[in-house]
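# Structural characterization, general
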Amino acid sequence: MESAHTPTTTTDDPTVRLRPVGEPDLAMLRRFCVEPGLIGLDWAGFRDPGAPARRFAVDGWLGADDGRLVVEVQRDQAAGIVSYTSRRYSGPASYWDIGIALLPEWRGRGIGWRAQALLCDYLFTHTPAQRIQAGTHPENAAEQRALEKAGFQLEGVVRACEFRAGTWRDGYLYSRLRDDPPPARR
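Calculation rules
- Residues numbered from 1 in each chain as written.
- Predicted model: local features only at pLDDT ≥ 70, side-chain atom pairs only at ≥ 80, totals over all residues.
- Heavy atoms only, no water.
- Helix = DSSP H or I, 4+ residues; strand = E, 2+ residues; numbered from the N terminus.
- Rg over C-alpha atoms; globule rule 2.2 N^0.38 Å.
- Contact = heavy atoms within 4.5 Å.
- Lys, Arg positive; Asp, Glu negative; His and termini not counted.
- Charge placed at Lys NZ, Arg CZ, Asp CG, Glu CD.
- Pairing = 2+ DSSP bridges.
- Phe/Tyr/Trp six-rings, centres within 6.5 Å; stacked < 30°, edge-to-face > 60°.
- Lys NZ or Arg CZ within 6 Å of the ring centre and 35° of its normal.
- Polar contact = N/O pair within 3.5 Å; in protein donor to acceptor, adjacent residues only side chain to side chain.
- Axes fitted to C-alpha atoms, helices over the stretch in contact; angles between N-to-C directions.
- Parallel < 35°, antiparallel > 145°, perpendicular 65-115°, else oblique.
- Nonpolar A, V, L, I, M, F, W, Y, C, P; charged D, E, K, R; others polar.
- pLDDT = per-residue confidence, 0-100.

Right, let's talk about the overall build of the protein chain for a bit. If you tally the helices and strands in the protein chain, you get 4 helices and 8 strands. Starting at the N terminus, the α and β elements of the protein chain follow one another as β-β-α-α-β-β-β-α-β-α-β-β. Relative to the compact-globule value of 16 Å for 186 residues, the protein chain shows a C-alpha radius of gyration of 16 Å, a close match. Seen along its three principal axes, the alpha-carbon backbone of the protein chain occupies a region of about 45 × 40 × 35 Å. Considering only contacts within the protein chain whose residues lie at least 6 apart along the sequence, 54% involve residues at least 24 apart. Between the mean site of the 24 positive side-chain charges and the mean site of the 24 negative ones, the protein chain shows a separation of 2 Å.

Shown next, in the form of structure tokens:
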């Protein structure tokens, strides 16, 4: 069921929308915890498969400072999740740090950039944040293109920011500001 608060965009095929996590989605969230490679380069080792259900029981993954929304395609097909976390550089103003994890069968179809653009629209509509940022791996050219299509701009390289596969690796930092042109006008 869509409401005035559910961001939606329609493509040729499929329809992409964001919705709150539901109990049936917990199986997908558990998979992200225990299936190596399911989330691509972001795999950081096994995680507690019970953690998604415990968090869901607390606030349905809709916290004031962080949360998850399901990326839904067509009707009732979960393609993955988007996440958002409040962060601060200094002072009282915060920004959002976002991420996405799509199931392999939904990658490469233009769903990721649309989901990230919808998440930005949602956060800019419902919070006073001026900045949304996202990081990606230098070798993830598809995500770099997706972020740019979603209205993000590359800010630079963050050196040695993550430990993955036994070594420290650089990352790329992207941002979108509230007053940047939305993707449709780019």
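Next comes the rest of the account.
Strand direction decides the pairing type here: strand β6 (residues 131-136) and strand β8 (residues 167-177), joined by 6 bridges, are antiparallel. Bridge pairing in β8 links T136 to Y172. The pairing of strand β7 (residues 153-164) with β8 spans 8 bridges and is classified as antiparallel. In the sheet register, E162 faces β8, and the bridge partner there is R169. Once β7 ends, the chain turns through 2 residues before running back antiparallel as β8, passing A165 with a positive phi of about 55°.

Further remarks concern the environment of I100. Residue placement: I100 occurs in strand β5 (residues 94-102). For I100 and L119, which are 19 residues apart along the polypeptide, the C-alpha to C-alpha distance reads 9.9 Å. Setting aside chain neighbours within four positions, we find I100 in contact with I81, V82, G112, A115, Q116 and E143.

Time to look at the packing of aromatic side chains. In this description, a pair of aromatic rings is defined by centroid distance and the angle of the planes. Here the structure, examined in full by the defined rule, presents 4 aromatic pairs. Between W43 and F46, the aromatic rings sit 5.3 Å apart at their centres with planes inclined by 85°, giving edge-to-face as the arrangement. In this structure, R131 packs its charged tip against the face of Y95, placed 5.8 Å from the ring centre.

Time to look at the side chain of R164. Mapping R164 onto the fold places it in strand β7. At a separation of 3.4 Å, a polar atom in the side chain of R164 contacts the main-chain carbonyl oxygen of L41. Not counting residues up to four positions away in its chain, the partners in contact with R164 are L41, W43, H137, E139 and R169.

Turning to the packing of helix α1 (residues 26-34) against helix α2 (residues 51-59), a few remarks are in order. Axis angle and axis distance: for two packed helices, these are the angle between their axes and the distance between the axes, and together they describe the pair. With their axes 8 Å apart at the nearest point, α1 and α2 run at an angle of 135° to one another. By the angle between their directions, the pair α1 and α2 is classed as oblique. Within the contact between the two elements, α1 uses L26, L29, R30 and C33 and α2 uses P52, A53 and F56. In terms of residue class, the contact of α1 with α2 is made up of 6 nonpolar, no polar and 1 charged.

Next up on the list: the confidence of the model for the protein chain. Mean pLDDT for the protein chain: 90, with 91% of residues reaching 70 or above. Per-element confidence in the protein chain ranges from a low mean pLDDT of 42 for strand β1 (residues 8-10) to a high of 98 for β6. Here residues 1-6 scores under 50 on pLDDT; set against residues more than four positions off or in separate chains, the count is 9 contacts. Taken together, the stretch residues 8-13 has pLDDT below 50 and engages in 12 contacts with residues farther than four places along the chain or on a different chain.

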